[in-house]
Amino acid sequence: MTTTSGTAAATAQGAAPAVSFSGAVRTFGAVRAVDGVDLEITRGETVALLGRNGAGKSTAISLLLGLDDPDAGTVRLFGQEPERAVQAGLVGAMLQEGRPVRRVTVRELVTFVARQYPAPMPVAEALELAGITELAGRRADRLSGGQTQRVRFAVALVGDPALIVLDEPTAALDVEARRAFWASMRAYARRGHTVLFSTHYLEEADAHADRIVVIDHGRIVADGSGDELKRAAGGNLVSFDLAGHGTEGLARLPGVLAVEVRGDRALLRSEDSDATVIALAERGAIRGLEVTAASLETAFLALTSSDAASDGTPAGARAPAAPHSAAARRPAAAEHQAAAGDRCTEDPPAVDRAAEEPAADAARETV
Amino acid sequence: MFDYLVLEVRRTLRDTGFVIFGIGMPVLMYLLFTNIGDDVGGRWRTASMVGMAAYGALGSALNTGTGVAEDKSIGWLRQLRITPMRPRSVVIGRALTGSVVVLPAIVAVLLAGGVVNGVRLAVWQWVLVAVLLWLGAFPFTLLGIGNGYRLTAQTTGVVNVACNLGMSIVGGLWFPVDLFPGWLRSLSSYTPTNRFAELGVSATEKAAPGFGTVAVLGLWMLVFGSYAVFSYRRSARTV
């Protein structure tokens, strides 16, 4: 669409990347919320920061916006300190915990914010982009959740910043509101702006970002497009009914990376599903046999350790096939298996072996 | 910063609670206290007018701090930190807001005095009373802001109400200090509220504010100002 003055201002800063973390660390007591993050986002990219609750997304965003300082390492926006970039009007953001400002109309609020920026877009345009033109005269504290969220989006974008940061923008939105929100976000990204959003919804990251950065325990564990992540996690899922038979030896079948039992069904994650299926056929274990491609969900679960699985991870992210963590990144295998107890892990050695498999290495390389 | 001032003044004046308790209440109390009973003299009508105007200004000034705490709790101050607006402008803008929103209460009570209670002063005296009360309210704005940055929204509300009532009563804004027992009277003369009202009373008596009044008030301004700066510095990075 239009070349904006925000972008023009950014260009004036030279060709520095929009966002650059190098070795950034932020600890709170014993918790390393951000634990050595290196990340570069070039201008014009739309990037999703994907992770469970508590993975370090919000802390990373606080560092990024200069709301907090790293204990070690550096964070730069357009080649300068975050605080300076913010003061230069290069950044707009929608924070996670914001509640509506009271006793102002939507237009008053958005107009006020616009006037703080050196080269804002017209207020009417921002309201339109956020899809809240008809709410302009309403009081900001008397709107529905979805409307409030879009007002906050308008506040983030009205300054026409070169970089917009959205921290879990669609949490607590219903399906319809979510769709409307993403339509607005894409319209903004199409103007050539850099967008960074955090989410714990895999589908959102896959559908709306060019690039997904997976963060877990304060570290970046994967970085690439949705397809790349699926490939990195590797393998297909072969499942069949045990029909009362045991599971001995399944882990040693060709191609099998990990074995899991759900009720009377065995789930094998395999890097060579053909070989696995043939071997299963030889054993006669083919009742209800199914082969499915690895989903982003499987990839995500493989890339992140499972010890946080019970702390509010969206059900969709852990419900199906979770051949657990072939790509266990850390030596913390004990912690990892203990936490996975409810998954009825079969044959723990298989996990250890799997950790050395090429698929796991591939996953690591993308970091 | 001017935009911020306009925004905040607008938000304050739209607050029904502020209009009722910050402006309506002092006027109502003034009219009640000066029209009930039979030995109400003209002198008390004037003194109480200044006292209630001061009480109204005090409440409005502290209310600015309640607003700060509220904006902190809803994340609006944090949102402001990621606009190009400088953090310092936010706190200065708030202090200026406090200076503006104390005016309605002062003007309303003075109007009630002149129009309803027939208080007669020269024009310059009216203006001087208003201006002195307006300037003298500034330390209380600083106290409110200090509370707002330092405390949570709920605590700020409670603490501000406690400051408001306690300082109003002990300072003699509601009842003449002459009615106080001796010890309370001497304590009263050290309170900022007492000296604050004293500023206005001196104007109604065609006298210059005493040195003691200015000194005590100046000292309190220093105390409240340091408190505001300290609270702000402590929390500005965490809001």
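Computed from a prediction, not measured in an experiment: that's the story for all the values here. (Residues numbered from 1 in each chain as written. Chains lettered and ligands numbered in written order. Predicted model: local features only at pLDDT ≥ 70, side-chain atom pairs only at ≥ 80, totals over all residues. Heavy atoms only, no water.)

Q: Describe the pattern of salt bridges, listing the residues and the values that go with them.
A: All told, the structure shown has 27 salt bridges over all chains when counted by the stated rule. For A:Glu108, the salt bridge goes to B:Arg10, with nearest N and O atoms at 3.4 Å. Of this pair, A:Glu108 sits in helix α4 (residues 106-116) while B:Arg10 sits in helix α1 (residues 2-13), which puts the two residues in different chains. Take A:Glu108: its relative accessible area is 15%, and that puts it in the buried class. For B:Arg10, a relative accessible area of 37% puts it in the partly exposed group. As a salt-bridge pair, A:Arg115 and B:Asp3 come within 3.1 Å of each other at their nearest N and O atoms. Of this pair, A:Arg115 sits in helix α4 while B:Asp3 sits in helix α1, each in a different chain. A relative accessible area of 57% means that A:Arg115 is categorised as exposed. (Salt bridge = Lys/Arg side-chain N within 4 Å of Asp/Glu carboxyl O. Helix = DSSP H or I, 4+ residues; strand = E, 2+ residues; numbered from the N terminus. Buried < 20%, exposed > 50% of the residue type's maximum accessible area, 1.4 Å probe, protein only.)

Q: Any details on the sheet that holds strand β5 (residues 91-94) of chain A? Residues and values, ideally.
A: Backbone-to-backbone hydrogen bonds join strands into a sheet, with any given pair of strands oriented parallel or antiparallel. Residue and element names in this part refer to chain A. As summarised here, the arrangement of the six strands in space is β5-β6-β7-β3-β8-β9, forming an open sheet in which the pairing is mixed. With partners counted over all chains shown, the strands left at the sheet margins are β5 and β9 (219-224), one partner each. Taking each pair of neighbouring strands and ignoring which way they run, the sheet shows an average axis angle of 15 degrees. Pairing between strand β3 (residues 46-50) and strand β8 (residues 211-216): four bridges, direction parallel. Note that in β8 the partner of Leu 50 across the bridge is Val 214. (Pairing = 2+ DSSP bridges. Axes fitted to C-alpha atoms, helices over the stretch in contact; angles between N-to-C directions.)

Q: Could you give me a rundown of helix α2 (residues 16-35) of chain B, with the residues and numbers involved?
A: Residue and element names in this part refer to chain B. Between its terminal C-alpha atoms α2 stretches 27 Å, which fits the 28 Å expected from 20 residues at 1.5 Å a residue. For α2, the full list of buried residues reads Phe 18, Gly 22, Ile 23, Pro 26, Val 27, Met 29, Tyr 30 and Thr 34. Residues of α2 that are buried in the fold lie against α1, α3 (42-73), α5 (87-101) and α6 (103-116). Where α2 begins, the capping side chain belongs to Asp 15, and its oxygen is found 3.1 Å from the backbone nitrogen of Gly 17. One or two positions beyond α2, positive phi appears at Gly 37, with a value near 100 degrees. (Expected span 1.5 Å × (residues − 1). Contact = heavy atoms within 4.5 Å. Polar contact = N/O pair within 3.5 Å; in protein donor to acceptor, adjacent residues only side chain to side chain.)

Q: Quick one: what's the story with the sheet that holds strand β11 (residues 256-262) of chain A, residue by residue and with numbers?
A: All names here are of chain A. As summarised here, the arrangement of the four strands in space is β11-β12-β10-β13, forming an open sheet in which the pairing is antiparallel. Looking at strand neighbours, the two that pair on one side only are β11 and β13 (290-293), the edges of this open sheet. Strand-to-strand twist of the sheet, defined as the mean angle between neighbouring strand axes without regard to direction, takes the value 20 degrees. By the bridge criterion, four bridges tie strand β10 (residues 236-241) to β13 in an arrangement that is antiparallel. By the bridge assignment for β13, Asn 236 is matched with Ala 293.

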